[in-house]
Amino acid sequence: MDYLATKYLRPRKIPSTACSGCGLGQIHKKVVKAIDELGLDVGDVVWGTGIGCAGRQTFATWKGDNFAGTHGRVYALATGLRIALPPNKKIILTVGDGDAFGIGFNHLLNCARRNVDLTVIVCDNLGYMSTGGQYGWTTPEGYRTDSSPYGMWEPNWMQGGRDVLNILREAGATFLARHTSIEGQEAVESIKKAILNKGFSLVHMPYPCVTNFAERALGSRRPAVMYKWFKERTVKLNERVDEKALGDIYFRTGIYYDASNSRPEFAEALRNRVAEIQRRFR
Amino acid sequence: MKRTLDTGNAAITEGAIIAGCRLFAGYPITPATEIAENMSRRLPQVGGYYLQAEDELAALHICVGASLGGLKAMTATSGPGYILYADPYGWAIGSEIPVVIVNAQRVGPVSGITGAPGQGEFYLSRYPTQGGNFETIVLAPNSVQEAFTLTVEAFYLAERFRTPVTLLADQLVTDGWETLIIPETEEEIQAMGLKVIPRRINEGPEFYPATDEIDIPPVVLGHNTGAACSDWTPTAEGYDTEEVEWQHKHAYRLIYKIRNHKDLITRYESYFLEDDPEVILVSYGSPSRVVKSAVKAAREKGLKVGGLRLISLWPFPDEIFTKTAKYLSVELNYDGQLVREVQRAMPKGSEVHFMGKCGELPTVAELMELIEALIKGQPLKAKPWEMEAW
């Protein structure tokens, strides 16, 4: 077994319950690798998840403390937890795109506004794949899913001049990055920075779903087809490409915004404020 | 002891602080807003945290998250917010997280009338979330002082049973001004019969044992106990499982940890039941105060009338309905909620009648009219609140 798995993950949860060919494990490993490279121990991290593929498959894999919130509300739950936990405990959330950018978007934005010290890894399989493959808020335009049999026609958070990371930046997030799961160490480095930011960090990580997304959208369950599709669309932020030539979605990867440690962290600011009020009333 | 004149909202705030509540998250809503306002002023003074959430879903989730981190937490709302609690309420029931929830009931479905009392969430407080397979604990104060003591008790029960406890108040109790006596020392707290227990931490490895035992410490994260808690059916260690057998065990625990220790929860008040009265008035919350006056007035007239006031609503105290009588359920709604439970719990040969008021209290005169009619065996006059079918 992988040394990272031996050190940080529970044997009971290995092998993963994800479908064979799923890209989620690539993200999971990168997060654990980032934790390891930062020299963090099992007890230094509390691991939370949401609902859906990302939530179910990563829940209780961590050797330390684990929680899984209701669909889309884990950000609010983690806000309460953040206030109660010592500041040196890292809270890392692995959640899905529906959880973060759909049902939980309001709570996510409010976490960004407050700059709550959380590291949110959005494991994006481009729709609701756990329920069989319905379109979501990052499903590329025109692609078929079980609920967009004639093609995804609703505006998503990713195309048409919109980028969900811009919204989060405006909301007050202090670290934002995007990497596809097929990227290597550069993604690990971004996750490390996200964890080190004492504030709200989010790494958006699109990953291949071969069972449901690829089957409907690309007409094949062969992993090679889906991974090739991802590779063609994974483009570094500063890389010059002719976007019109592809005429499709691009995942622009890299660090979008790094204002790490530039704004007061919410729980710390709250603690300081309470301490100051207490002093006044003693 | 500190003796003041204050509102139910203030009483709930002070009760929570004495019980050890150190986090409140809420969303402004009439008539519970003052609890949030009081908390925002009082909590920082004692080293606690006040948060205004983006909505009620977030408010209770923040409380549950804080409790999961070891802080005692509370939220307060009214009907339209209480319904939004459904999601985190279920999470807290399933993951067995102690938290206290106040509902200052107002009248009507949806927003209804914001400044009028109601009792429309009697059943909602029994089934505040989906899925079934659980019991809830619900306490209902009828005075400012009792709002204080029951808040302390709500925290106590929440810790022992590791579950959310609802304080089901109404607008008259929360907004009303009355004398409030607050204990100031440990001895005074004990003298008032109040108990406070600190948060304990479950060390594992069995976080969700399939037992009806209480006093099992809840999951607290951040202590590297290897805890796992989620919205899914848990194994004893907290792993998510699809095995029906574990669902059976979980359901057994959530239902019977409460049912099998009901004696620790049941609280009620009875008056004039010794001589087997012909008519017994049943009520809870603010209408119970008018009911008490009406029962006394009827006794003065020589009528054999008694009263039962429920202080704990859920689990429903079936065992206190021992007398065969004509029961009259007096409630602040027109659809009749408590009346159904009375009908179920009353001994054979009893009758149950219903008197509902909407947004206002009944008067002693109105109740007297009904009591006299019931004793004489006359049909009750047809009024909007009357439901002969009962």
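Note that the structure is predicted; figures quoted are calculated from it, not measured.

1. What about the overall build of chain A?
When helices and strands are counted, chain A shows twelve helices and eight strands. Its C-alpha atoms put chain A at 70 × 45 × 35 Å along the principal axes. Residue burial in chain A is summarised as follows: out of 282 residues, 60% are buried. Taking all contacts inside chain A whose residues are at least 6 apart in sequence as the whole, residues at least 24 apart take part in 67%. Approximately 11,100 Å² of chain A is accessible, and the part contributed by carbon and sulfur atoms is 52%. Counting 38 positive and 28 negative side-chain charges, chain A places the centres of these two groups 4 Å from one another.

2. Comments concerning the packing of helix 4 (residues 74–84) of chain A against helix 12 (residues 266–281) of chain A
All names here are of chain A. Running from amino to carboxyl end, helix 4 crosses helix 12 at an angle of 50°, the nearest separation of the two axes being 9 Å. Taken as axis vectors, helix 4 and helix 12 run oblique relative to one another. Classified by chirality, the crossing of helix 12 by helix 4 is right-handed. Contacts from T79, R82 and I83 in helix 4 reach F266, A267, L270 and R271 in helix 12. When the residues that make up the contact of helix 4 with helix 12 are grouped by side-chain class, the tally is four nonpolar, one polar and two charged.

3. Things to note about the domain arrangement of chain B
All names here are of chain B. Domain annotation for chain B reports domain 1 (2–191) and domain 2 (268–376). Averaged C-alpha coordinates put domain 1 and domain 2 at centres separated by 27 Å. Every contact between the two is made by 28 residues of domain 1 and, on the other side, 26 residues of domain 2. Buried area between domain 1 and domain 2, both sides added, is near 2,100 Å², and the carbon and sulfur share of it is 55%. On the domain 1 side of the interface with domain 2, the three residues burying the most area are Q119, F122 and N142, jointly 36% of the side's total. Summed over the shared surface of domain 1 and domain 2, the number is two salt bridges. Linking E178 and R289 is a salt bridge whose minimum nitrogen-to-oxygen distance equals 2.4 Å.

4. Digging into the sheet that holds strand 2 (residues 65–68) of chain A
Strands pair in a sheet through their backbones, by hydrogen bonds, and they do so in one of two ways: parallel or antiparallel. On the basis of which strands lie adjacent, the open sheet formed by nine strands has the order 7(A)-8(A)-5(A)-6(A)-4(A)-3(A)-1(A)-2(A)-10(B) and mixed pairing. Since the sheet does not close on itself, it has two edges, and those belong to strand 7 (234–236) of chain A together with strand 10 (228–229) of chain B, each with one partner. Relative to strand 8 (residues 251–258) of chain A, strand 5 (residues 175–178) of chain A runs antiparallel, the two sharing four bridges. Residue pairing in the sheet places F175(A) in a bridge with D258(A) of strand 8 of chain A. The strands touched by helix 4 of chain A within the sheet are strand 1 (45–49), strand 2, strand 3 (90–96) and strand 4 (118–124) of chain A, with strand 3 of chain A carrying the most contacts at an inclination of about 175°. Its contacts with the sheet place helix 6 (residues 105–114) of chain A against strand 4 and strand 6 (200–206) of chain A, and it is angled at close to 135° to strand 6 of chain A.

5. Observations concerning the interface of chain A and chain B
Interface size is often expressed as the accessible area that is lost when the parts come together. Counting from both sides, the interface comprises 41 residues of chain A and, opposite them, 46 residues of chain B. The largest contributions to the chain A side of the interface with chain B come from R56(A), D65(A) and L77(A), which together make up 18% of the buried area. Run the count over chain A and chain B and you get five salt bridges. Counting across the chain A and chain B interface gives 23 residue pairs in polar contact (both at pLDDT 80 or more). Of all the secondary structure elements, the ones that give two or more residues to the side of chain A that touches chain B are helix 3 (53–58), strand 2, helix 4, helix 6 and helix 12 of chain A. Across two bridges, strand 2 of chain A lies against strand 10 of chain B in parallel orientation. The residue bridging F67(A) from the neighbouring strand is C229(B), located in strand 10 of chain B.

6. A look at unusual backbone geometry
All names here are of chain B. The residue after T30, namely P31, is reached through a cis peptide bond having omega 5°. Relative to the helices and strands, P31 is located in the loop between strand 2 (21–26) and helix 2 (33–45). The peptide bond linking W314 to P315 adopts the cis configuration, its omega dihedral lying at -5°. Relative to the helices and strands, P315 is located in the loop between strand 14 (312–314) and strand 15 (326–331). At V110, a residue that is not glycine, the phi angle is positive and equals roughly 40°. Turning to its location among the elements, V110 is positioned in the loop between strand 5 (99–107) and strand 6 (113–117).

7. What about the nonpolar core?
Grouped together as the largest cluster of nonpolar side chains are 81 residues, with contacts concentrated most on F67(A), L93(A), L108(A), V120(A), L168(A), L23(B) and L68(B). Judged by nonpolar contacts, the second largest core, of 45 residues, contains L43(B), A104(B), L139(B) and L150(B).

8. Here's the deal with the environment of V291(B)
Residue and element names in this part refer to chain B. Summarising the element assignment, V291 is placed in helix 10 (residues 287–300). Each C-alpha atom, one on V291 and one on V144, is 17 Å from the other, the two residues being 147 residues apart in sequence. With residues up to four places along the chain from it excluded, the contact list for V291 reads Y271, L281, S283, V330 and L367.

The rules behind these values
- Per chain, residues are indexed from 1 in the order of the written sequence.
- Going through the entries in the order they are written, you letter the chains from A and number the ligands from 1.
- Given that the model is predicted, a residue must reach a pLDDT of at least 70 before its local features are reported, and side-chain atom pairs must reach 80 or more before they are shown or counted; all residues, however, enter totals for whole chains, interfaces and linings.
- Side-chain metrics in this entry use all non-hydrogen atoms of the structure; hydrogen atoms and water are not considered.
- By definition, any uninterrupted DSSP run of H or I lasting at least four residues is a helix, any uninterrupted run of E lasting at least two residues is a strand, and each is numbered from the N terminus.
- Whether a residue is buried, partly exposed or exposed follows from its accessible area with a 1.4 Å probe, protein chains only, as a fraction of its type maximum: under 20%, in between, or over 50%, in that order.
- Note on contacts: a residue pair qualifies if any of its non-hydrogen atoms lie within 4.5 Å across the two residues.
- Note on areas: Shrake-Rupley, 1.4 Å probe, and residue coverage restricted to the protein chains presented here.
- When charges are counted, neither His nor the chain ends are considered; positive counts come from Lys and Arg and negative counts from Asp and Glu.
- By convention, the charge on Lys lies at NZ, on Arg at CZ, on Asp at CG and on Glu at CD.
- Here an angle of 0 to 180 degrees is reported between the N-to-C directions of two axes, which are lines fitted to C-alpha atoms, with helices fitted over the stretch in contact.
- By the definition adopted for this analysis, an angle is roughly parallel if under 35 degrees, roughly antiparallel if over 145, roughly perpendicular if from 65 to 115, and oblique otherwise.
- Crossing handedness is defined as follows: a turn of the near helix away from the far one that is anticlockwise and smaller than a right angle gives a left-handed crossing, while the clockwise case is right-handed.
- The residue classification treats Ala, Val, Leu, Ile, Met, Phe, Trp, Tyr, Cys and Pro as nonpolar and Asp, Glu, Lys and Arg as charged. All others, Gly included, are polar.
- Domain ranges listed in this record stem from an automatic or a database domain assignment.
- Simply put, the buried area is the total loss of 1.4 Å probe accessible area from both parts when two parts are fitted together.
- For salt bridges, the criterion is a side-chain nitrogen of Lys or Arg within 4 Å of an Asp or Glu carboxyl oxygen.
- DSSP calls a pair of strands paired once it identifies at least 2 bridges connecting them.
- We define a polar contact as two N or O atoms separated by no more than 3.5 Å, with the added condition that, inside protein, one atom must be a possible hydrogen donor and the other a possible acceptor, whereas residues neighbouring each other in sequence contribute only through side-chain atom pairs.
- For the purposes of this section, nonpolar cores are sets of buried Ala, Val, Leu, Ile, Met, Phe, Trp, Tyr and Cys residues that join through side-chain atoms within 4.5 Å.

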